[in-house]
Structures are given as C-alpha cells and as structure tokens.
Amino acid sequence: MQPKPTSANNDLRRGGPHSTIDLLELFWRRRAYLIASMLLTSILGVVYYRLATPMYESSADVLVVQKRPQAITGDHQYESGFEDYLATHLAVIVSPLIVERAIESSNLAALPSFADLEYPEEELVDTIIENLEVEGGSRDLGENADSIMTLAFRCREPDDAPIVVQALLDSYEGFHDEVYRGMTDTTVNLIRQASDLLTNDLAQQEESYSEFRQTSPLVARGTEEVNPLQDRLTSIEVQRSELLLRKAEIEWQLLAIEQAKQDGGDAQQLLSMITELRQQVTTDNGTPAVSTALENQLIQLLDDERALLEHYGPNHPHVQTIRQRIADTRRLFALPTTAHMSAPETSVALTTSAPQRDPVAVYTEYLKQELKRLEISEGLLTVLYDHEHDAAKEHSIFQLKDERFQRNIQRTEALYDVVISRLQEASLIKDFGGFETRVIAPPMYGMKVSPRLKIILPAAALAGILLGCMLAFVVELRDDNFQSCEQIQQQMGVPVVGQIPQFTAARTSRGALAARNVTLAPMLCSFHQPRSMPAESFRTLRTALYFNGQEGTSRVTQITGATAKDGASTVAANLAISLAQTGKRVLLIDADLHQQEQIKLFGIAQPETGLAAIVASDVEPSDAICPTAVENLWLLPAGLLPNGPCELFTSPRFGELINLVRDSYDHVLIDTEPLLVASDPSVIASHADGVLLALGLAHDSRLRAMRAKQMLERIDVNILGVVANRLSGALLTRHQMKRQEDSRSRQARSDSRAVQTVG
C-alpha cells in the first residue's frame, strides 16, 4: 500500500477555510523559521545599511511655457514640432546628446562621483542616464502640474548632484534655444557662440601669455617687452669703446712724450707739453679726464691711509708708502697749473709735502699704469660681452614667443570686436514660437535618499517572512514526523484515541516507596500521580477504549508500537493501572520476550516461570500469573527466553491461553515487541480482539507509523486506534483547545436541534 499524500498537499488540494487553518497551524509550528529568517534578513539589512554606499539626490523643477508668434513673423499658422508634448521634453532632456553637452560644458568627468569609472569617456554618459530620473508634474503638485517637469539625479557625493542637474539644465536650455528659434535667433546664437568661443580663446591666450610672462626673462619697457641682455650688451660695448678711445689717447700721449724726449726737449718743454696734453683729454662733461681719474685715485689713497692708521703708527713702512703715493698724486694733480708758475714757486709747492721728483717721469708712469688698467678692463669686458652675447641668443627665443603671443592676442581682440559689433547690429526676433523654459525650483544640496533604514528594515522583515514561509513549506514537505493528531488521523485513516503528554518519572524517593512497601517504577504516573495531567490522559484513553457504550467488544487488546522509542510498554502499564482503578479485573501480559519491561516497571523479580513456560510446557497459568502492588491488576511476565520464540506464539497452546484469560479477566492487555523490530507482534495480533498502536511523535514518526499500519493491514486485524505518545506542551495545548472548540460546537448544535424540536 502506498503512503497517502502529506497533510499539506491534501489541504492545498481541498482548499477552502480548512486550508487556511492548516496554513496557520503550519506557520505556528514552524515559527522558529519565521523568526530566524526575520532576524537574519533584518541583520543583513542593517549590515547593508552600514556598508552600502550612500546616494544623494538633487532635483529641480522646470516650467515649460508655450510662446506666441508675433506679428513680425507674418506667419500666424506657425506651429512647433514639439508643441504641447511634455513627454517629448522629458525624452530630450535625458537623451545622450544633452548629457554629452553637459559633460563637455561643465567638465563633469572631473567630479569625484565619477572618479572610479574605468573608461570615463565611454561609461560616463550611460552612468549619468542610469542615475537620472525625469517625470512630468512637480512632486509636490503631482499630475495636476502638467506644464512642469522634475529632473532628479543621484550620485555618491552630495556636492556633485546639484552640479550635474544644473549642467543638464544648462545643456537642455541651450539645445531648446537652438531648436525653437528662427533663422535670426540661429544667427544670433551662432554669433554668440563665436563670441563665447573667442572670449574663451582670448581668455586662454591671455592666461597662456600670463603664464609665459611669469617664466620669461624679458622685462617691460613701456608697452614693449625687451631682452635685458641686449641692454647689457650695448652698455658693455659702449664701455669697451670708451676704453679703446682712452687707450688710444694714452698710447698717443706716451708716444708724444717719448718722441719729445728723443728730439732733445728740456724739462720745461716736456712739462709744458704734459700740461697741454692733459687739457686736451677731457670727459663728456668738460672736466679733464686725467684730473677726474687723479682725484678718484687720491680719494682712494686717503681712505687707505686712514685705514692703516687705525692699526699702525705714522712711522710704519706701509703708512710711509701710502703717504709717498699721496704726495706723488697731489704733485701730478697740480701739473696743469705748474707750467704757468715761476720756478721758485713751483719748487716750493713741490717740496712742501714730499721729496722732489720729476713730474714728466711721474706722469709717464701714471700713463703706463693707466694703460695697463685699460688693457685689463678691456679683456674683462670682452669676456663678459661674449658670455652675455651667448645668453642673449637664448633669450631671443622668448622675445620671439612674446611677439607671437601679442600678435595672436591682437588678432583675437580684433576678431572679437568685429563679432561684438555684428551682434549689436543684429536685429533679434524674440518670442518667435515654440516653448520657453524657466527653472522655478533650482537644484539644491543633495539629500540622502539611499540607503534608508525605515525602508530597508520593513523590506528586510518582509523578505524574512517570505523566506521563513518558504522554509516552513520546504521543511514541512521534507519532515517525516507527524505534527498534530489531526494529521495522524487524516493520513493514517485511524482515530487517535489517546494523547499522552511528555512526562518524566515521578519525584518520589526510594525511601518513601520502601516505607509504603511499593516497588512500582516512577514512570507509572497513573499510580504515583493520579491527579496529574499524564494520569488524566490515560484515564481519557481508558474511557475512549472501554467505556464508550461497547463494553466487552475488545476484552483482549494488544498494545504495540512501530519501534522501541514509541513507549508502548509504558502506555500498556499505565493503561492497565487506570483500568484496575475502576474495579475491573485486569491482566497485563508481557509478550516482549527480549526486553521484558513490565517486570522492571512493576518491580517484580525475574520469575522462573512465565508466558514462555506456559506455552512451551504444561505449566498452569495460575502458577505463572503474579499479583502486583496495584489492586485488581495481575501480571503475566514473559519468563525465561526459549529457543525459537516465533514458534512459541504460533503454537495452539498460546491461542488456548488467550481464550482462557479472556474468560477469567475483564480486560487483558498484551504488551508486545515493536512491529518493525520483530515478527512476534504480527503473530500475536491474530489472537487479540484489537490492536492499539502507540506512536511517539519524534523524528520519522510518519514513516514508522505508515509502515506499521501496512503490516497490520496485511494480516487483517482490528486497529482500535493510535495513542499519540510524548506530545509536547504546545501541541497538547492546541489539541485541548481544539477539543474544547469541538465540544462547544457540538453543544451549540445540540441546543439548536433542541430548540427546533421544541418549536
């Protein structure tokens, strides 16, 4: 026989209100999955909220107003291609053309929000369009504002969102002006674009020229930029020319003095010639060059004399040498006037400060020293000139660039002036047609729109509920355990006659039991705790089986289970005690030859004779049956295990024994081995009036129960019902509530029928 479909599948097939109740019960049983799923998804939601990149949104509202054609156009039938179509404006503003213009005009690629793009040129347009949202009608006014469109953009940086929105608005307005203006407006726009380009070009040129000037070595002279090295070259060349002229004059004077000496001129003649030579050599300001040089030399010597006197005395050799040079210089300085003085006066003037020296020799020596100085100066100036000349060649490149910059700027300025003049001269035809756009709500600082905790948590909780429901269904479909007594009855087609809760051994000390001379095991709650809930459940089972108006129909009852964990022996012992407490004579037969749990429960020592001895030999039943500590309850233990136990229960002697005890006792209970463990229960079932199947609601209880039922159905025995053993507190509470509801429903129906009868 194939197992019947699961309860969940049956409920789904049947539908109706009962399915809803079953679903609620299913979710209540599997509420741990729902709670765990909600907690998990909520935690994941919080983690996502913490780790997710925040997104900020900035939006702007744009008013689109239709223009009126003016009489100046002369065309009153003018209609724009975009007239009265706000959807077209919505599509245009998010088009790649507008986005590309915005990127180029506002340099959106440099914003931090797009810094992580691997290929900005290819991905930036798609990225902006994906995060762009445009809708008709203001968010505050809704669809009633049919002339307003809202543009919103989301990105990671709150500062970037309004920049992108504003760039898109600017790009859209520029495109809008191009489409809706007439030819004149197009011309004006082209001129303005050219003006903007020239302005930007001029600004860039000026900026480039400014940067060039900051690094250029050129200096300003008036309105022109000149190379300072050229001025220095000119100055050096002038000085070198002056030195050459001065050198030629000195050489000429030395040659003249030398020629005069060779011609045999006397001292007076030489002195007069020196005086005339000095008067001929003058500077540009009319001052004799020799006098100026001697004056400068005299000043330098006097400064040296003062410096030496600070460290040495007046008689020091260095001081005497300096003073001698001072005297010679003064004497040479006085030569121009000496030729016009008498000889005695001249002698006196020459000897007042220094010893007598030949003025011609002094002057000649002076000229030679001056000639050497000029040669040295000429050499230095020549070297300096060569160096500056090489540097000037390099700096001339900057001067050429400077001139090129100035020419370009002048040309751009001239072109800019022409464009401006044409723009001023153009006749603008405004309000030609189409639409005019106005930003009525400019983009503000980006507001955080995601992630939002008040949205994430409810969504996560809902996802957790759905996930928990799915898990509950999956677990329910894969679960091999019965979840309720109704499920047992529906799938097995056998009534549930007893519902035994999970209970522990009675807390009675061995000393107290010994004082009362009681040897019963604590698991016999019907004896030790007669007022407890487990004892009451056994009394309910007793009533359902034997006191339901059909007394005597099942005097011999076999109690078995699918496996040992179903607790059939404990159920049999407690049920036997409950029956004996009603005053009926009850015999409990322990037919479990392997475990023999009943002698352990009732505290009876292993007897020498028992069920095995009665069936296998001529032992009388009265010699093997022993009384128990419970009044009206006797126990027939299994006894010693014989060889071939299966043959023991198939013998006619076992059938005779059952017939004998059936007539001798009011109720006979047979505790047998589990059905799925041995074959003995199947053999014994053929001798019993009915079989009571104990089923512990543990793992794989559904599979065990169905297999046990199939075995009983094959031997065609009377299945009295199922005892749901070891029910949890929650299941038992629901079953009790269910029974109370059923009881109230039956009472209500009975009262209704009574009222109808009376009526």
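Above: the structure in question.
The text that follows walks through the structure, step by step, so that each part is easy to find.

The rules behind each value
- Sequence order sets the numbering: in each chain, residues are counted from 1 along the sequence as written.
- This being a predicted model, a pLDDT of at least 70 is required before a residue's local features are given, and a value of 80 or more before pairs of side-chain atoms are given or counted; all residues contribute to the totals for chains, interfaces and linings.
- Side-chain descriptors were evaluated using all non-hydrogen atoms of the structure, hydrogens and water having been removed beforehand.
- What we call a nonpolar core is a set of buried Ala, Val, Leu, Ile, Met, Phe, Trp, Tyr and Cys residues that are connected through their side-chain atoms within 4.5 Å.
- Working definition: with a 1.4 Å probe on protein chains only, accessible area under 20% of the residue-type maximum means buried, over 50% means exposed, and in between means partly exposed.
- Helix and strand labels come from DSSP, where a helix needs a run of H or I of at least four residues and a strand needs a run of E of at least two; each type is numbered from the N terminus.
- Working rule for contacts: check all heavy atoms of both residues, and any pair within 4.5 Å makes them a contact.
- Only the six-membered ring of Trp is used, alongside the rings of Phe and Tyr, when aromatic pairs are assigned; centres must lie within 6.5 Å, and planes under 30 degrees apart are stacked while those over 60 apart are edge-to-face, with the rest tilted.
- Placement of a positive charge over a ring is assigned whenever Lys NZ or Arg CZ falls within 6 Å of the ring centre and within 35 degrees of the normal to the ring plane.
- Every case where a carboxyl oxygen of Asp or Glu lies within 4 Å of a side-chain nitrogen of Lys or Arg is listed as a salt bridge.
- Pairing between strands requires that DSSP locate at least two bridges from one strand to the other.
- Axis lines are fitted through C-alpha atoms, for helices just across the contact stretch, and the angle between N-to-C directions can take any value from 0 to 180 degrees.

### Describing the nonpolar core
Moving on, step 1. Core analysis: the biggest nonpolar cluster contains 35 residues, and L541, F602 and L633 have the highest contact counts within it.
Moving on, step 2. Within the residue set of this core, elements represented by two or more residues are β8 (496–501), α20 (533–546), α21 (568–580), β10 (586–590), α22 (597–601), β12 (633–636), β14 (690–696) and β15 (719–727).
Moving on, step 3. The element contributing the most residues to this core is α21, with 9 residues.
Moving on, step 4. With residues up to four places along the chain from it excluded, the contact list for L633 reads A576, I577, A580, V586, L588, F602, P627 and T628.
Moving on, step 5. Counting 32 residues, the second-largest nonpolar core is a separate cluster that includes L108, L117, L124 and I128.

### Brief notes about the packing of aromatic side chains
Moving on, step 1. One pass over the full model with this rule turns up 3 aromatic pairs.
Moving on, step 2. A cation sits over an aromatic face here: R585 above W634, 4.7 Å from the ring centre.

### Details of the pattern of salt bridges
Moving on, step 1. Considering all chains together, one arrives at 7 salt bridges under this definition.
Moving on, step 2. R154 serves as the salt-bridge partner of E57, at 2.9 Å between the closest nitrogen and oxygen. Of this pair, E57 sits in strand β1 (residues 55–66) while R154 sits in strand β3 (residues 148–155), placing them 97 residues apart in sequence.
Moving on, step 3. For E57, a relative accessible area of 10% gives the class buried.
Moving on, step 4. Between R323 and E305 there is a salt bridge; the shortest N-O distance is 2.9 Å. In this pair, R323 sits in helix α12 (residues 317–333) while E305 sits in helix α11 (residues 289–309), placing the two residues 18 residues apart along the sequence.
Moving on, step 5. You can call R323 partly exposed: its relative accessible area is 35%.

### Brief notes about the sheet that holds β10
Moving on, step 1. The 8 strands are arranged β8-β15-β14-β9-β13-β10-β12-β11 in an open sheet whose pairing can be described as mixed. The open sheet has two free edges, formed respectively by β8 and β11 (626–627), since each of these has just one partner strand.
Moving on, step 2. The sheet contact formed by strand β9 (residues 556–561) and β14 spans 5 bridges and is parallel. The residue bridging T560 from the neighbouring strand is L693, located in β14.
Moving on, step 3. Against the sheet, α20 contacts β8, β9, β13 (667–671), β14 and β15, and its axis sits at roughly 170° relative to β8.
Moving on, step 4. Contacts between α21 and the sheet are confined to β9, β10, β12, β13, β14 and β15, with β13 contributing the most and set at about 165° to the helix.

### Structural notes on the pairing of β10
Moving on, step 1. Counting buried positions along β10 yields 5 of 5 residues, so the element is predominantly enclosed.
Moving on, step 2. Of the two faces of β10, the one holding V586, L588 and D590 and the one holding L587 and I589 are both buried throughout.
Moving on, step 3. Bridge count for β10 against β12 is 4 bridges, and the pairing is parallel. When the sheet's bridge partners are listed, L588 is paired in β12 with L635.
Moving on, step 4. Across 5 bridges, β10 lies against β13 in parallel orientation. Residue pairing in the sheet places V586 in a bridge with H667 of β13.

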